[in-house]
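Residue-level listing of the chains:
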Amino acid sequence: MRKIPGDILPKGMKLPEPEPEPQEQEKKYITLAEANYVADIRRAISELPYNIEIQELVVTEGKNSPPVIQLVMTIK
């Protein structure tokens, strides 16, 4: 590769250190230990103007991932 006059720094000068890549901070997701969001979901469903029966509600929480809620309900 050819060098051009601007490629060489004057004597005594150093290239600045490259800035480190910002590391992703660990995302914090809500957990049942912190807040009973299942009760909030059940309360919100009970306030709907329908007769709803919850057949199954499964919560899966994993480290570094948002909770996944599977809900099976019957509207009567």
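Residues numbered from 1 in each chain as written. Predicted model: local features only at pLDDT ≥ 70, side-chain atom pairs only at ≥ 80, totals over all residues. Heavy atoms only, no water.

Draft legend 1. Quick peek at the overall build of the chain. Tallying secondary structure elements over the chain gives one helix and two strands in all. Beginning at the N terminus, the succession of helices and strands in the chain can be written as α-β-β. Computed over C-alpha atoms, the radius of gyration of the chain comes to 28 Å, more than 25% over the 11 Å expected from 2.2 N^0.38 for 76 residues, which places it beyond the range of a compact globule. Considered along the principal axes of its C-alpha atoms, the chain spans approximately 80 × 25 × 20 Å. Of all 76 residues assigned to the chain, the portion counted as buried reaches 5%. Within the chain, contacts between residues at least 6 apart in sequence are counted, and of these 33% link residues at least 24 apart. (Helix = DSSP H or I, 4+ residues; strand = E, 2+ residues; numbered from the N terminus. Rg over C-alpha atoms; globule rule 2.2 N^0.38 Å. Buried < 20%, exposed > 50% of the residue type's maximum accessible area, 1.4 Å probe, protein only. Contact = heavy atoms within 4.5 Å.)

Draft legend 2. Layout of the pattern of salt bridges. Summed over all chains, the structure comprises three salt bridges. Here D40 and R43 are joined by a salt bridge, their closest N and O atoms 2.8 Å apart. With a gap of three residues between them, D40 and R43 both fall in helix α1 (residues 37-46), about one helical turn apart. When its relative accessible area of 42% is taken as the criterion, D40 is described as partly exposed. Using a relative accessible area of 45% as the deciding quantity, one classes R43 as partly exposed. Note that K76 is salt-bridged to E53, the shortest N-O span being 2.4 Å. With K76 in the segment after β2 (65-75) and E53 in strand β1 (residues 52-62), this pair connects stretches of sequence that are 23 residues apart. (Salt bridge = Lys/Arg side-chain N within 4 Å of Asp/Glu carboxyl O.)

Draft legend 3. How the structure looks around α1. For α1, the full list of buried residues reads Y37, V38 and I45. For α1, the angular spread of buried residues about the axis comes to 110 degrees, placing them on one side. Lining the buried residues of α1 we find β1 and β2. (Arc of directions from axis to C-beta.)

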